Amino acid sequence: MAKIDSLEQYDAVMLRIEELLKIVDDGMPANDKNVVELVLLSDLVEEYEDIHYPISTPSLTDVLKLKMYEMGLSQAALSSLLGMNQSKISEILAGKSEPTLKQARKISTVLDIPPSVVLGV
């Protein structure tokens, strides 16, 4: 199989991957037939998903909200952590405003968010 051409094939390959995951473990040699099959099928699934289920880069708003959730931060706490006023944080979270370059650098550094996400590139 050179590529997955249909949803039915995709579903069948996913079932086989689930079977293989029960058999394969990290201690198995890379040339084991089950490991080889798992790698090949995983690559096929990745190619299919890249075409049919693309994942776009998350927005800064989405990433900030996730970070706030993960860190248990309120808008006020985020504002304090970043040294930004609450109204600016609120505007960024609402998608009404973009951070300045200085603010973007601080957001990226303090919250460990890739600069490309913060800058929207």
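Going by the structure above, here's the rest.
Residues numbered from 1 in each chain as written. Predicted model: local features only at pLDDT ≥ 70, side-chain atom pairs only at ≥ 80, totals over all residues. Heavy atoms only, no water.

Chemist: I keep staring at the overall build of the protein chain and nothing clicks. Help me out?
Modeler: Counting secondary structure elements, the protein chain contains seven helices and zero strands. Start at the N end of the protein chain and walk to the C end: the helices and strands fall as α-α-α-α-α-α-α. Viewed in the frame of its principal axes, the protein chain has a C-alpha envelope of about 60 × 35 × 20 Å. For the protein chain, with 121 residues in total, the buried portion stands at 31%. When contacts within the protein chain are restricted to residue pairs at least 6 apart in sequence, long-range pairs at least 24 apart make up 49% of them. About 8300 Å² of surface is accessible on the protein chain, with carbon and sulfur atoms providing 55% of the total. Each charge class in the protein chain was averaged separately, 11 positive and 19 negative side chains, and the resulting centres sit 14 Å apart. (Helix = DSSP H or I, 4+ residues; strand = E, 2+ residues; numbered from the N terminus. Buried < 20%, exposed > 50% of the residue type's maximum accessible area, 1.4 Å probe, protein only. Contact = heavy atoms within 4.5 Å. Areas by Shrake-Rupley, 256 points an atom, 1.4 Å probe, with all protein chains shown as cover. Lys, Arg positive; Asp, Glu negative; His and termini not counted. Charge placed at Lys NZ, Arg CZ, Asp CG, Glu CD.)

Chemist: Is there a simple way to think about unusual backbone geometry in this case?
Modeler: Working note: non-glycine residues mostly have negative phi, and peptide bonds are mostly trans. A positive phi angle, near 55°, is found at D112, a position not held by glycine. With respect to the helices and strands, D112 occurs in the loop between α6 (101-111) and α7 (115-119). The class for D112 is exposed, based on a relative accessible area of 62%.

Chemist: Is there a simple way to explain the environment of V63 in this structure?
Modeler: The residue V63 is located in helix α3 (residues 60-71) in this model. Separated by 17 residues in sequence, V63 and E46 have C-alpha atoms that sit 24 Å apart.

Chemist: Looking at this structure, how should I read the side chain of Q103?
Modeler: Mapped onto the elements of the fold, Q103 is located in helix α6. Residue Q103 is classed as buried on the basis of its relative accessible area, which comes to 19%. When near neighbours in sequence (up to four residues on either side) are disregarded, Q103 contacts M84 and K88.

Chemist: Which parts of the structure should I look at to understand the packing of aromatic side chains?
Modeler: Note on aromatic pairs: each is described by the distance of the centres and the angle between the planes. Evaluation of the coordinates by the stated rule reveals three aromatic pairs. In this structure an aromatic cluster arises from ring pairing among Y10, Y48 and Y53. (Phe/Tyr/Trp six-rings, centres within 6.5 Å; stacked < 30°, edge-to-face > 60°.)

Chemist: Which parts of the structure should I look at to understand a nonpolar patch on the surface?
Modeler: A cluster of nonpolar side chains, namely M71, L81 and V110, defines an oily patch on the protein surface of about 220 Å² accessible area. The topology assignment puts V110 in helix α6. Classification of V110 as partly exposed rests on a relative accessible area of 32%. (Patch = residues over 30% accessible without salt bridge, like charges linked within 9 Å, V, L, I, M, F, W, Y side chains within 5 Å. Salt bridge = Lys/Arg side-chain N within 4 Å of Asp/Glu carboxyl O.)

Chemist: So what exactly am I meant to see when it comes to the environment of N34 here?
Modeler: Mapping N34 onto the fold places it in helix α2 (residues 33-52). Under the relative-accessibility criterion, N34 is labelled buried at 15%. In this structure N34 touches R16, L20, I23 and V24, once residues within four positions along its chain are discounted.

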